[in-house]
Structures are given as structure tokens and as C-alpha cells.
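Below, each chain spelled out in residue letters.
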Amino acid sequence: AKPFPSALALEIMRAELGGDPLAVFESIDEEPVAAASLGQVYRARLRDGGNQVAVKVQRPNVLGRIAVDIYVLRAALQLVKQVSGMSRDLRLIADEVGVGLFSELNYESEARNAEAFAEAHKNLGYVTVPKPLMELTSERMLTMEWIEGASPASLFLEMDGAEGGRHGAAAEGV
């Protein structure tokens with residue numbers, strides 16, 4: 001997804017923190033390191049201790065957009081049901097999608113899920129979960145420790161290299 005303006009992200013941080021983000025963060029990168037449909041992530045440095053953190057900020061008006069999308073999906077599925085003569089209520093599919101999407105919009109819940117995931121996988125040395133900073137997390141802003149790492153996609157590329165590109169050739173139909 002295309003990033004939304006950083007000025008808007010700073011306004012959201014200000015609203016969620018109840019004041020100037022630079023009172024909490026020594027620095028915040030001007031541009032996001034990642035952007036997605038629900039939000040974007042900035043690298044920042046805490047004033048207290050100087051640790052680097054990831055600050056995920058929810059995209060403005062995303063709740064309303066998702067609500068409209070779910071409404072349209074429900075209407076389309078109702079039309080499919082009527083045209084096809086199905087007896088099943090396909091709108092239940094849209095309802096389940098909606099429940100999942102709306103749960104993704106609560107970053108406090110996401111932080112608690114990250115803590116639970118970390119606890120459940122603490123004995124796996126190859127799994128590292130960034131620690132949420134709950135005092136700097138709200139419904140629309142998630143702050144976690146910054147961890148340098150590899151994306152899952154890059155891990156597959158490494159496997160391809162180690163196995164002579166076999167996976168890539170299969171994916172390309174070679």
C-alpha cells in the first residue's frame with residue numbers, strides 16, 4: 001500500500017500519546033520503513049534509554065473504509081445467494097472476515113497477542129518476537145522494540161540459493 005503522509009501519522013501519534021511525540025521519542029524517521037493497508041511503521045528512538053523502537057500507526061479513517069468494504073461484500077454475497085438459488089447465508093463469510101479485520105485494528109490487542117505468542121514460543125531459539133511497550137501502545141498506535149531481522153520472503157530466497165534455485169525455477173514454471 002502507498003504510505004499516507006507522515007504529518008498525519010505524527011498527528012495520530014500526538015493524539016494517542018496525549019502530547020508531542022518528541023517528548024517521548026528522541027527521533028522519529030521522516031519516512032515509514034513499511035506501509036500496509038491498515039497502517040505504517042516508523043523507526044524511532046526513545047528519549048528514555050535511547051533504545052530504537054518500531055512505531056506502528058493506524059491509517060486514518062481505516063475503520064470506516066473497512067466497514068464499507070464489509071457492507072459491500074455482504075451485499076454481493078447476498079446477490080450471489082439469490083442468483084444461484086443457494087440456501088446458505090453467504091453473508092456469514094463477510095461477517096467472519098469483518099471480525100478478523102476489526103480485531104486487527106486494535107493495536108492494544110495486537111500487543112497482547114504478541115506477548116502471548118512470545119510466551120508460547122519462548123523455547124524456540126529461532127523465533128524472536130519484539131517486545132511491545134504497553135505504556136506507548138494504544139488502540140491506534142503500537143510501539144515495540146526494534147529488531148533487525150530477515151523477512152520470511154528473504155528466508156525462502158536464501159533456501160533457493162542453497163538448493164541451486166530449485167524453488168524459484170518451480171515457481172516460474174521452468
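Here the structure is shown first, and the text comes after it.
Here the structure is a predicted model, which is why all the values come from computation and not from measurement.

### Points about the nonpolar core
Of all hydrophobic cores here, the largest spans 15 residues; its most connected members are Met13, Phe25, Val53, Val55 and Val57. For this core, the secondary-structure elements that each account for two or more residues are α1 (6-17), β1 (25-28), β3 (39-46) and β4 (52-58). In contact with Val53, not counting residues within four places along its chain, are Phe25, Tyr42, Arg43, Ala44, Leu46, Leu133, Thr143, Met144, Glu145 and Trp146.

### As for the pattern of salt bridges
Counting across every chain of the model gives 7 salt bridges. Between Arg91 and Asp89 there is a salt bridge whose closest N-O contact spans 2.9 Å. Salt-bridge contacts for Glu119 lead to Lys122; the nearest nitrogen and oxygen are separated by 2.7 Å. Classification of Lys122 as exposed rests on a relative accessible area of 54%. The network of salt bridges with common partners includes Asp29, Arg43 and Glu148.

### Description of the pairing of β3
The element β3 is largely enclosed, with a buried count of 6 among its 8 residues. Note: β1 against β3, 3 bridges, orientation antiparallel. Residue pairing in the sheet places Ile28 in a bridge with Ala44 of β3. Inspection of the sheet shows strand β2 (residues 34-35) paired to β3 by 2 bridges, in the antiparallel sense. Along β3, the bridge assignment pairs Ala34 with Val41. The sheet contact formed by β3 and β4 spans 7 bridges and is antiparallel. Directly across from Arg45, in β4, lies its bridge partner Gln52. A loop of 5 residues connects β3 with β4, the two strands running antiparallel in sequence, and Gly49 in this loop sits at a positive phi of about 95 degrees.

### Description of the layout of surface pockets
When its volume is computed, the largest pocket comes out at roughly 660 Å³. Taken together, 19 residues line the largest pocket, and the ones lying closest to its centre are Thr128, Pro130, Ile147, Gly149 and Ala150. Counting only elements with at least two residues in the lining of the largest pocket, the list comes to β4, β5 (141-145) and α5 (152-162). In terms of residue class, the lining of the largest pocket is built from 12 nonpolar, 3 polar and 4 charged.

### Quick word on α1
Taking 1.5 Å of rise per residue, the 12 residues of α1 would be expected to cover 16 Å, and the 16 Å separating its terminal C-alpha atoms lies within 8% of that figure. For α1, the complete set of buried residues consists of Ser6, Ala9, Ile12 and Met13. All buried residues of α1 project into a common sector of 115 degrees when viewed along the axis, lining one side. For α1, exposure combined with an orientation more than 90 degrees from the buried face picks out Ala7 and Glu11. Gly18 sits one or two residues past α1 and shows a positive phi near 75 degrees.

So, how was this worked out
- Each chain carries its own residue numbering, running from 1 in the direction its sequence is written.
- In keeping with the model being predicted, local features are shown solely for residues with a pLDDT of at least 70 and side-chain atom pairs are shown and tallied solely at 80 or more, while totals for entire chains, interfaces and linings include all residues.
- Values reported for side chains reflect all heavy atoms of the structure, with hydrogen atoms and water molecules removed beforehand.
- Only buried Ala, Val, Leu, Ile, Met, Phe, Trp, Tyr and Cys residues count toward a nonpolar core, and they belong to the same one when joined by side-chain atoms within 4.5 Å.
- The classification of residues rests on relative accessible area computed with a 1.4 Å probe and restricted to protein chains. Under 20% of the type maximum is buried, over 50% is exposed, and intermediate values are partly exposed.
- Under the scheme used here, helices are H or I runs from DSSP no shorter than 4 residues and strands are E runs no shorter than 2 residues, and both carry numbers assigned from the N terminus.
- Every residue pair with non-hydrogen atoms within 4.5 Å of one another is taken to be in contact.
- The term salt bridge refers to a side-chain nitrogen of Lys or Arg lying within 4 Å of a carboxyl oxygen of Asp or Glu.
- Only when DSSP finds a minimum of two bridges between them are two strands counted as paired.
- The distinction between a cavity and a pocket rests on a 1 Å grid over the protein atoms alone: a 1.4 Å probe fits inside a cavity but cannot get out, while a pocket stays open yet meets protein on both sides within 12 Å along at least five of seven lines, and a residue with an atom within 4 Å of a point counts as lining.
- Grid points are joined across faces, edges and corners, and a volume is the space filled by probe spheres set on the points.
- Under the convention adopted here, Pro, Cys and the residues Ala, Val, Leu, Ile, Met, Phe, Trp and Tyr are nonpolar, Asp, Glu, Lys and Arg are charged, and Gly plus all remaining residues are polar.
- Multiplying 1.5 Å by the residue count of a helix minus one yields the expected span of that helix.
- Here the arc refers to the directions that run from the helix axis out to each C-beta atom.

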